[in-house]
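Chain by chain, the residues run as shown.
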Amino acid sequence: MNNSFKLIDSFWTSGLVSQIDEFHGRDAELGDLQANIKRSGIAISGSVGVGKSSLLSIMRVMLEGFNTGLRSACPLAMCSTGDEPWQLAKKLIHHFRHVTEKKVVEWGFDLKGVAWKETKTASELSGDDHISALIELLLELSSSGNLDYLVCMFDESHKCPNSLAELVRTLKERLEHDGVPNIRFIAAGIDPFVSRMIQYDSGIGRAFQCHIALTPWDVDTTRSFVEEKLGSIIDNANAEGNNEITYSDGLSNVIYRLSGGHPFLVQLLGSYLVRHENAVPDGLLDVTDLVGALREICMRTRRPEYNSMIEALDMNQMLEAYQRMVESLSTKSPSTILPTDLIHIAGIDGVKWFLDNGYIFEERGLYRLTDELLRVALLLEDGGEAALSAREQTILFSQRRQGERYGHAENDFDDDDFDDDDFDDDDFDDDDAGGV
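Residues numbered from 1 in each chain as written. Predicted model: local features only at pLDDT ≥ 70, side-chain atom pairs only at ≥ 80, totals over all residues. Heavy atoms only, no water.

Draft legend 1. Representation of the environment of Arg324 within the structure. Within the secondary structure layout, Arg324 lies in helix α13 (residues 319-328). Classification of Arg324 as partly exposed rests on a relative accessible area of 34%. As for Arg324 and Ile345, which are separated by 21 residues in sequence, their C-alpha atoms are 6.9 Å apart. (Helix = DSSP H or I, 4+ residues; strand = E, 2+ residues; numbered from the N terminus. Buried < 20%, exposed > 50% of the residue type's maximum accessible area, 1.4 Å probe, protein only.)

Structure representation (structure tokens):
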């Protein structure tokens, strides 16, 4: 084995995915876009890292014409805590000027001809002038008749749901009254921003009649993604003259069990796998390369997110219920619990809070943790190093069913025991869900 050779990490951990060829899964959600954009806007909700921003980005690419033939103007505003409606409007204008203008010019428009630009620059506008300017800009674009849709997009919408509701209401009513039927809004954010918008303005739901609640990938999507990335790593290594590297057949199943299919956790685990193999090379990417991954992700990479999630549980007096829930879960991963068991632990209102805030989701009549590693972060916060080590060993190496053992063959384990039968429907039956 050439110890000087370094594998190229093809897993993506640095931010959202904005390239179609790098985007994986979510076919049903993209189908929802094409089916619903004709009649309404779309709200995308989900937990931290589940892929909301990436889906929003790919939707924008599709609406602007990639593989769809659509012609749409799609300005994007990144919401910030405390933003007022006019500040969101200013961000949309800024995006038009610096990103969308090239495409608009290609379609034969001259934004400099818009009236507000003749008297003031965007930086000179103040307060509600930005909303008036945005309306004028959208009306100007609509008047050409060359666009299928005008789509105002918002990310991080949970940071200012009330202001977003106000701006959407203003734009929708004004433009529709002026005969613009193709104005749409797509907003992405952490649960429960949609319900908060509706609480603020009960009629705003008409602007977001399609609600996409993102949950983790299923086992097949996770497997195909991981195996595609591992194949790319092997191909790159072979192209550089390293024909010795390979990976164990059951590795994608192990990553699914650790991550629960959470897209960002899948990426982080895959990246850790490659870095560990580069640090301690043996020519085989396998479960031994994942030892220590949980600690690094929970204590370093995702620590701010987990601290925030734990703080939200504590502030809403749900931390104790969450801890009781995870203590009751089965040792297998992904974790499942019967609705009746969770109601007994947290009550009906508590279950609703967990669902509304993205801590759990429903799958095939059972509840699952949205982020499997939050329970690990709680263990570490309580000083549970021994418990973490035991859980890691259980997932990676322990016997699971019918005396099977998993891991590196040279260490008396065999990854091949992770076959398809390990993830059939029986894995989600009532006997396996919840309980001690």
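Picking up after the structure, the text goes on.
Draft legend 2. Local environment of helix α12 (residues 303-315). For α12, built from 13 residues, the straight-helix expectation of 18 Å at 1.5 Å per residue is met to within 8% by its first-to-last C-alpha distance of 18 Å. If you check which residues of α12 are buried, you get Tyr306, Met309, Ile310 and Leu313. Considered in projection along α12, the buried side chains sweep an arc of 95° and stay on one side of the axis. Facing away from the buried side of α12 by over 90 degrees, the exposed positions are Pro304 and Met315. Contacts made by the buried residues of α12 are with α10 (263-279), α11 (293-301), α13, α14 (339-356) and α15 (372-381). At the exit of α12 stands Gln317, carrying a positive phi of roughly 55°. (Expected span 1.5 Å × (residues − 1). Arc of directions from axis to C-beta. Contact = heavy atoms within 4.5 Å.)

Draft legend 3. The arrangement of the sheet that holds strand β10 (residues 360-363) in detail. A sheet is described by the order of its strands in space; here three strands give the open sequence β9-β11-β10, paired in antiparallel fashion. Strands with a single pairing partner mark the edges of an open sheet, and in this sheet they are β9 (336-337) and β10. The pairing of β10 with strand β11 (residues 366-369) spans four bridges and is classified as antiparallel. Residue pairing for β11: Ile360 is matched across the bridge by Leu369. (Pairing = 2+ DSSP bridges.)

Draft legend 4. Structural detail: the pattern of salt bridges. Throughout the structure, instances matching the rule amount to 15 salt bridges. Residue Arg169 is joined to Glu173 by a salt bridge in which the shortest nitrogen-to-oxygen separation is 2.8 Å. Residue Arg169 and its partner Glu173 are both found in helix α6 (residues 161-177); the two are separated by four residues, about one turn of the helix. As a salt-bridge pair, Lys352 and Asp356 come within 2.5 Å of each other at their nearest N and O atoms. With a gap of four residues between them, Lys352 and Asp356 both fall in helix α14, about one helical turn apart. Asp356 sits in the partly exposed class, given a relative accessible area of 29%. Linked by salt bridges that have partners in common, Arg169, Glu173 and Asp201 make up one network. (Salt bridge = Lys/Arg side-chain N within 4 Å of Asp/Glu carboxyl O.)

Draft legend 5. Quick look at the packing of aromatic side chains. Throughout the structure, instances matching the rule amount to seven aromatic pairs. Taken together, a centroid distance of 5.0 Å and an interplanar angle of 50° make the contact between Trp217 and Phe225 tilted. Overall, Phe225 belongs to the buried group, its relative accessible area being 2%. With a centroid separation of 5.3 Å and 25° between ring planes, the pair formed by Trp353 and Tyr359 is classed as stacked. Tyr359 shares its class with Trp353; the two are buried. (Phe/Tyr/Trp six-rings, centres within 6.5 Å; stacked < 30°, edge-to-face > 60°.)

Draft legend 6. Spatial organisation of the pairing of strand β5 (residues 183-190). With seven of its eight residues buried, β5 lies for the most part within the structure. Direction of pairing for strand β1 (residues 42-46) relative to β5: parallel, over a ladder of five bridges. Residue pairing across strands places Ala43 opposite Ala187, the latter belonging to β5. Bridge analysis of strand β4 (residues 149-155) against β5 gives five bridges, and the strand direction is parallel.

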